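# Structure assessment
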Amino acid sequence: MTRTTWPTTGLSYGGDYNPDQWSPETWEEDIRLMTEARVNIVTLGVFSWGNYEPEEGRFEFEWLDTVFDLLHAAGIAVDLATPTAAPPIWLHQKHPEILPVTREGMRYWQGGRLGWCASTPIWREQALRIVEVLARRYAAHPALKMWHVSNELGGGNRLCYCDESAAHFRRWLTEKYGTVDALNQAWGTAFWGHRYVDFAQVLPPRDSETVPNPALKLDFERFASAALLEHFEAEAAVLRSITPDLPITTNFMVSSNPSVVDYARWAPRMDVLANDHYTIGRDDAREQELAMSADRMRGMRPDAPWLLMEHSTSAVNWQQRNRAKLPGELVRNSLGHVARGSDGALFFQWRASTAGAEQFHSAMVPHAGTRSKIWADVCELGRHLDALGDVAGTLVEPASVAILMDDESHWAWKAGPKPVNDEPVWKAARDVHRALFDANVLADVVPPWADLSRYRVVVVPGLFLASDDTARSVRAFAEGGGHVLVTFLSGIVDATNRVRAGGYPGAFRHLLGILSEEFFPLLDDGGLALDNGWRAGRWSELVHADEAEIVARYADGDLARSPAVTRRALEGGGSAWYVSTELDRVALADLLSGLLADAGVSPSAEVPSGVEAVRRVGDDRSFLFLLNHGPARVHVPGSGRELLTGRDVEDGLDLDAGGYAVLRER
Ligand code: GAL
């Protein structure tokens, strides 16, 4: 049972606050500036264990007491982190066995963060000890409004191959499979004669001269995610026992790429879903990538707002070349997340560090101080989020399209040599999302076990692993009148990472009315022509359209004249499309526009191209978010009160290049 008490009234605004890097004089200035920027929440103490407890059992909390009081006096809520994202030096020196071990067998050293293995009992004991000390000290403090468990769990310590992990993995497998024969069967260990006679023989996929069993590898990834969730749950249990009424969260790392741990399976355990999102400077569709990550967050729990826990005011420091944001961009990015369901916008971090590993990462207060573009934007965003207070608690209007995405599927794809080993199969999901984004059609990016009955179109893009349940659910959706689009390399293996024999794509073949007998990946990027004028590339398949109509055939290449895109009309009015190649953007947009028209799905609003329009709605309220990503000033139709300027709008409004507006619609 999750508790949904939101930590602030209105939308949340703030960031990670690390006062232990600064003097008390700076704290006073921080509070003054936070008030000026209208910050109403900070995440405190994410990496502060070594400053709370510099030596085992000797605590220094007085500085944090002062900071808590200062924040409270200024009306700023505290999202208090448990400090387990960074064990103190003394702990690593005393118990180096808590440090993760690589697959080559090297144990890491002190000096990083997240330097712990989730399976090590001594780590668990120490972590829960500090969590309890912290929770007892601040339980009754009126500023404390939410718990933030650790930080980006798995962002560095996801896979550990130590002996404790191995033992934990074996316990997990024993519970999952019951008998070693069941494990042998699931993993196909007859291959290379890797048969086990006892669970005690099983090891994590440690380094060897060849690749490990793909089913073992997939299970190890699942186990690693489960072990970290178990750690989250253990911390959360301590917190719940001391502050039963406070919501608990942890910050996910959800982007358009697959995630390092299986957040969709973690989501039900969170009171508030929170995400960290950073744009990639070299990405040629940053806004769309941002939108897709937000649509994934919402897809995990479509009936509640989530929270953008971190993003950056400008450049980060961990890409090859770190792009600075242009004036207004941080506001536009924040509003993009809010439009798609975040009830706030927080940053890493409040004040730019001058020392340490993140000394060249942007922050709300940059090195230059307040005479800066960043500070001007930070203050502007604070005013805007204030003006958007009534948006809090509303939901993004229901999407008609669902895109299925599953981290397990990606792990299965990566777990062994494949027909192509240089290409990410999940790119298909991004391509489809991008086409929908360009057409202003809202999609929820959901895990395969989501309730599909709320959608009219379901896209299955490169979903390599599809369980029997997924196959059944997609089929039931289509037979109930829904429209399904399956793209190549979907439904190839089952939940054990075993190929579904009898023709590809095994999980969806009957629904699609086709049989694909062999893959023909292209060796170069020369591209392919289809006989209806579409262009495609990179991948092709020898497809038989047994019970489906042929929408397009290959016009050249090895498979000239054989079916490339098929469509099967279903009795209930639905349809099932198969795309056996990588369509280019124009072709994909064309296909989708026909499919969406068949399904009766229209854009969120009629706006000029380049403008992103998303609506959030409550019982008696409706807000249209408008973000102009295009290079020119445009006129957007609409009427209501524009909340960022407080003006009434009758006949539409003009949006500058890069401009944004939020209409409270009549
Ligand atoms: C996040 C992390 C923050 C900070 C940030 C820098 O992944 O949670 O603590 O390191 O990246 O971009």
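Residues numbered from 1 in each chain as written. Predicted model: local features only at pLDDT ≥ 70, side-chain atom pairs only at ≥ 80, totals over all residues. Heavy atoms only, no water.

### Notes on the overall build of the protein chain
- On a plain count of helices and strands, the protein chain comes out with 17 helices and 29 strands.
- In terms of C-alpha radius of gyration, the protein chain reaches 26 Å, essentially the compact-globule figure of 26 Å for 666 residues.
- Principal-axis analysis of the C-alpha atoms gives the protein chain an extent of 75 × 75 × 45 Å.
- Burial status across the protein chain gives 60% buried among its 666 residues.
- Look at the contacts in the protein chain between residues 6 or more apart in sequence, and 72% of them connect residues 24 or more apart.
- In the protein chain, the 65 positive side-chain charges and the 91 negative ones have mean positions that sit 0 Å from each other. (Helix = DSSP H or I, 4+ residues; strand = E, 2+ residues; numbered from the N terminus. Rg over C-alpha atoms; globule rule 2.2 N^0.38 Å. Buried < 20%, exposed > 50% of the residue type's maximum accessible area, 1.4 Å probe, protein only. Contact = heavy atoms within 4.5 Å. Lys, Arg positive; Asp, Glu negative; His and termini not counted. Charge placed at Lys NZ, Arg CZ, Asp CG, Glu CD.)

### Re helix H15 (residues 468-479)
- Across its twelve residues, H15 extends 16 Å between first and last C-alpha, which sits within 8% of the 16 Å expected from 1.5 Å per residue.
- Residues of H15 that are buried include every one of Thr470, Ala471, Val474, Phe477 and Ala478, and no others. Considered in projection along H15, the buried side chains sweep an arc of 130° and stay on one side of the axis. Residues of H15 that are exposed and point over 90 degrees away from its buried face: Asp469 and Arg472.
- Where H15 is buried, its residues meet strand S11 (401-404), strand S13 (457-460), strand S14 (483-487) and helix H16 (509-512).
- With its phi angle positive at about 105°, glycine 481 sits one or two positions after the end of H15. (Expected span 1.5 Å × (residues − 1). Arc of directions from axis to C-beta.)

### Describing the domain arrangement of the protein chain
- According to the domain assignment, the protein chain consists of domain 1 (250-390), domain 2 (401-599) and domain 3 (611-665).
- With centres defined by C-alpha atoms, the gap from domain 2 to domain 3 works out at 35 Å. (Domains from an automatic or database assignment.)

### Regarding the nonpolar core
- With 151 residues, the main nonpolar core has Leu71, Leu80 and Trp187 as its most contacted residues.
- Considering every element that reaches this core, the biggest residue donor is helix H8 (residues 214-242), with 13 residues.
- Formed by 34 residues, the second largest nonpolar core is a distinct cluster that contains Val401, Leu436, Ala552 and Leu583. (Core = buried A, V, L, I, M, F, W, Y, C linked by side-chain atoms within 4.5 Å.)

### Here's the deal with the site of the ligand
- Phe47, Arg113, Asn151, Glu152, Asp276, Tyr278, Glu310, Trp318, Phe348, Glu358 and His361 make up every residue found near the ligand.
- Within the side chain of glutamate 358, an N or O atom sits 2.4 Å from an oxygen atom of the ligand.
- Coverage of the ligand by the protein amounts to 93% of the 310 Å² it exposes when considered alone.
- Here the shell around the ligand is built from residues that sort into four nonpolar, two polar and five charged. (Near = heavy atom within 4 Å. Polar contact = N/O pair within 3.5 Å; in protein donor to acceptor, adjacent residues only side chain to side chain. Areas by Shrake-Rupley, 256 points an atom, 1.4 Å probe, with all protein chains shown as cover. Nonpolar A, V, L, I, M, F, W, Y, C, P; charged D, E, K, R; others polar.)

### Focus on the sheet that holds strand S17 (residues 535-537)
- Pairing within the open sheet is antiparallel, and its three strands lie in the order S16-S17-S22. With partners counted over all chains shown, the strands left at the sheet margins are strand S16 (528-529) and strand S22 (582-583), one partner each.
- Across two bridges, the pairing between S16 and S17 is antiparallel. Each bridged residue has a counterpart across the sheet, and for alanine 529 the counterpart in S17 is arginine 535. (Pairing = 2+ DSSP bridges.)

### Focus on the packing of aromatic side chains
- One pass over the structure, following the stated rule, counts 26 aromatic pairs.
- A centroid spacing of 5.1 Å and a plane angle of 80° characterise the contact between phenylalanine 169 and phenylalanine 220, whose relative ring orientation is edge-to-face. One end of the pair, phenylalanine 169, is in helix H6 (residues 163-177); the other, phenylalanine 220, is in helix H8, and 51 residues separate them in sequence.
- The class of phenylalanine 169 is buried, set by a relative accessible area of 0%.
- The buried category is assigned to phenylalanine 220, whose relative accessible area is 2%.
- The interplanar angle of 45° and the centroid separation of 5.1 Å between the aromatic rings of phenylalanine 519 and tryptophan 539 together place this pair among those described as tilted. On the criterion of sequence distance, the pair formed by phenylalanine 519 in strand S15 (residues 515-519) and tryptophan 539 in the loop between S17 and strand S18 (541-544) is long-range, its members being 20 residues apart. Across the pair, exposure class does not vary: phenylalanine 519 and tryptophan 539 are buried alike.
- Here the aromatic residues Tyr161, Phe169, Trp172, Trp187, Tyr196, Phe220 and Phe223 are joined through ring pairs into a cluster of three or more. (Phe/Tyr/Trp six-rings, centres within 6.5 Å; stacked < 30°, edge-to-face > 60°.)

### Remarks on a nonpolar patch on the surface
- A cluster of nonpolar side chains, Phe191, Trp192 and Val211, forms an exposed patch at the surface whose accessible area comes to about 350 Å².
- Mapped onto the fold, phenylalanine 191 is located in the loop between helix H7 (180-187) and H8.
- Using a relative accessible area of 55% as the deciding quantity, one classes phenylalanine 191 as exposed. (Patch = residues over 30% accessible without salt bridge, like charges linked within 9 Å, V, L, I, M, F, W, Y side chains within 5 Å. Salt bridge = Lys/Arg side-chain N within 4 Å of Asp/Glu carboxyl O.)

### A few points about unusual backbone geometry
- Here the residue pair phenylalanine 348 and glutamine 349 is connected by a cis peptide bond, since its omega of -5° sits within 30 degrees of zero.
- Mapped onto the fold, glutamine 349 is located in the loop between strand S9 (342-347) and helix H12 (373-387).
- The peptide bond linking tyrosine 504 to proline 505 adopts the cis configuration, its omega dihedral lying at -20°.
- Turning to its location among the elements, proline 505 is positioned in the loop between S14 and H16.
- The phi torsion at leucine 114 lies on the positive side, around 45°, for a residue other than glycine.
- On the secondary structure map, leucine 114 appears in the loop between helix H4 (89-94) and helix H5 (121-138).
- Judged by its relative accessible area of 4%, leucine 114 is buried.

### Brief notes about the packing of helix H1 (residues 24-37) against H12
- One way to put it is that H1 packs onto H12 with a least axis distance of 8 Å and a crossing angle of 55°. Considering the angle they form, H1 stands oblique to H12. Here H1 contributes Leu33, Glu36 and Ala37 to the contact with H12, which in turn contributes Trp375, Val378, Cys379 and Gly382. (Axes fitted to C-alpha atoms, helices over the stretch in contact; angles between N-to-C directions. Parallel < 35°, antiparallel > 145°, perpendicular 65-115°, else oblique.)

### Here's the deal with the side chain of arginine 430
- If you trace the backbone, arginine 430 turns up in helix H14 (residues 427-438).
- Assessed through its relative accessible area of 15%, arginine 430 is described here as buried.
- Every residue in contact with arginine 430, bar those within four places of it in the chain, is listed here: Ser256, Asp283, Ala285, Gln288, Glu289 and Met292.

### A look at the side chain of arginine 158
- Counting through the fold element by element, arginine 158 comes out in the loop between strand S4 (144-148) and H6.
- Here valine 260 takes part through its backbone oxygen, which lies 3.2 Å from a polar atom of the side chain of arginine 158.
- Setting aside residues no more than four positions away along its own chain, arginine 158 makes contact with Glu221, Ala224, Leu228, Val260, Val261 and Trp411.

### Description of the sheet that holds S4
- Pairing within the open sheet is parallel, and its nine strands lie in the order S5-S4-S3-S2-S1-S9-S8-S7-S6. Strands at the two margins of the open sheet, each flanked by one partner only, are strand S5 (248-249) and strand S6 (251-252).

### Digging into the environment of arginine 124
- Assignment of secondary structure puts arginine 124 in helix H5.
- Looking at arginine 124, the relative accessible area reads 17%, which means it is buried.
- Along the backbone, arginine 124 and aspartate 431 are 307 residues apart, and their C-alpha atoms lie at a distance of 41 Å.
- What arginine 124 contacts, discounting residues up to four positions off in sequence, is Ala118, Ala227, Glu230, His231 and Ala234.

### Quick notes on the environment of threonine 581
- Checked against the element boundaries, threonine 581 lands in the loop between strand S21 (575-579) and S22.
- The class of threonine 581 is buried, set by a relative accessible area of 2%.
- A sequence separation of 513 residues divides threonine 581 from phenylalanine 68, and the C-alpha atoms of the two residues are 57 Å apart.
- Not counting chain neighbours up to four residues away, the residues in contact with threonine 581 comprise Phe488, Leu528, Leu530, Ala536, Gly537, Trp539 and Tyr554.
- Polar contacts involving the side chain of threonine 581 include one to the main-chain carbonyl oxygen of glycine 537, which spans 3.5 Å.
- Only 2.6 Å separates the side chain of threonine 581 from the backbone oxygen of tryptophan 539, close enough to count as a polar contact.

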